[in-house]
Amino acid sequence: MKSYCHIYGQLDQTGGRIGEELRHLFDLGLTCDATFGFAQAARNREWLDAVRQRGGVVAPSIYPATLDPACRDANWWKYSEEECLRLLAIAQRRFAELDLGPLVAVNTYTPGNAFVSACGKSGIRAILGFCAPTIIEDGGWSISQYGSPLSPYFVAADDYRKPTAPDSREHPVLMVSMELRNPIICLRHWSEGPWCPLN
């Protein structure tokens, strides 16, 4: 049996050091699923493509206000499926400009049932950055993911915090928790421990 370790690289928090962080991982023979902000993407496109070429997923960190400044709430679960579809179409256009293939994953803290459904209908198959099973107010985010698994799971239609079989939905979406972080990056740069007892 081949061992497997999922590394969640929250590179949108590294500022201008995306290349430095990825070089460190690549030199160890590792890759990661990488998150990034659209503002960082153009100057780091080659590094993001290198992640993809090594089998990792590149996922933009998206919130309603980052896609449309008229949106005032950071919590996806407060928006209708139609509004989520509209905003995801904006994300897809911005992602297409990077020439990194189709948008198959996004990174966000505050999904909800309508958002997950909109992701599936938009061809997005994975949501990274899920704070499982955290209950916290963090700035503008209202995170209430109690009862959800820490390990990746396919999202049930009736509750985004509940796992199901991948073939139970027409458009399955994989939820991937951010709570089990890459210990190498955390050791070198930041600690995830103080804010959640399960880190």
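Let's talk about the overall build of the chain
Next, step 1: If you tally the helices and strands in the chain, you get 7 helices and 10 strands.
Next, step 2: Looking at the chain as a whole, 49% of its 199 residues qualify as buried.
Next, step 3: Surface summary for the chain: the accessible area is close to 9,700 Å², and the carbon and sulfur share equals 56%.

Section: helix α6 (residues 113-121)
Next, step 1: Among all positions of α6, only F115, V116, S117, A118, C119 and G120 are buried.
Next, step 2: Residues of α6 that are buried sit in contact with α5 (81-96), β4 (105-107), β5 (126-130), β8 (153-155) and β10 (174-177).
Next, step 3: Looking one or two residues beyond α6, the residue adopting positive phi is G123, at roughly 85°.

Quick notes on the state of the cysteines
Next, step 1: Here the structure, examined in full by the defined rule, presents 0 disulfides.
Next, step 2: Here C119 is not cross-linked by a disulfide; its sulfur's nearest cysteine counterpart is in C84, at 7.7 Å.

Comments concerning the pattern of salt bridges
Any two side chains of opposite charge can pair if their charged atoms end up close together.
Next, step 1: Evaluation of the coordinates by the stated rule reveals 10 salt bridges.
Next, step 2: Residue E81 pairs with K121 through a salt bridge whose shortest N-O separation is 2.5 Å. Here K121 lies in helix α6 and E81 lies in helix α5, a separation of 40 residues in the sequence.
Next, step 3: A relative accessible area of 19% places E81 in the buried class.
Next, step 4: E83 is the partner of R86 in a salt bridge, and the nearest nitrogen-oxygen pair spans 2.7 Å. Placement of the pair is R86 and E83 together in helix α5, with a separation of 3 residues, close to one helical turn.
Next, step 5: In this structure E83 comes out as partly exposed when scored by relative accessible area, which is 22%.
Next, step 6: One salt-bridge network, in which partners are shared between bridges, spans R17, E20 and E21.

A closer look at the sheet that holds strand β2 (residues 33-36)
Next, step 1: A sheet is described by the order of its strands in space; here 3 strands give the open sequence β1-β2-β3, paired in parallel fashion. Only two strands of the sheet have a single partner each, and these edge strands are β1 (8-10) and β3 (58-60). Across the sheet, the mean angle separating the axes of adjacent strands is 20° when strand polarity is ignored.
Next, step 2: Alignment of β2 against β3, held across 3 bridges, turns out to be parallel. In the strand pairing of β3, T35 is matched with A59.

A word on the environment of I7
Next, step 1: You can see I7 is positioned in the segment before β1.
Next, step 2: The sequence separation of I7 and G56 amounts to 49 residues, and the corresponding C-alpha distance is 9.2 Å.

Here's the deal with the nonpolar core
Next, step 1: Counting residues in hydrophobic clusters, the biggest one holds 52 residues, and the most contacted among them are I62 and F115.
Next, step 2: For this core, the element with the highest residue contribution is α5, accounting for 6 residues.

Describing the side chain of D68
Next, step 1: For D68, the position within the fold is in the loop between α4 (64-67) and α5.
Next, step 2: Relative accessible area serves as the criterion here: at 16%, D68 is assigned to the buried category.
Next, step 3: A polar contact is formed between the side chain of D68 and the backbone nitrogen of A70, at a distance of 2.9 Å.
Next, step 4: The residues touching D68, leaving out its near neighbours within four places in the chain, are R86 and L87.

The rules we used
- Residues numbered from 1 in each chain as written.
- Predicted model: local features only at pLDDT ≥ 70, side-chain atom pairs only at ≥ 80, totals over all residues.
- Heavy atoms only, no water.
- Helix = DSSP H or I, 4+ residues; strand = E, 2+ residues; numbered from the N terminus.
- Buried < 20%, exposed > 50% of the residue type's maximum accessible area, 1.4 Å probe, protein only.
- Areas by Shrake-Rupley, 256 points an atom, 1.4 Å probe, with all protein chains shown as cover.
- Contact = heavy atoms within 4.5 Å.
- Disulfide = S-S within 2.5 Å.
- Salt bridge = Lys/Arg side-chain N within 4 Å of Asp/Glu carboxyl O.
- Pairing = 2+ DSSP bridges.
- Axes fitted to C-alpha atoms, helices over the stretch in contact; angles between N-to-C directions.
- Core = buried A, V, L, I, M, F, W, Y, C linked by side-chain atoms within 4.5 Å.
- Polar contact = N/O pair within 3.5 Å; in protein donor to acceptor, adjacent residues only side chain to side chain.

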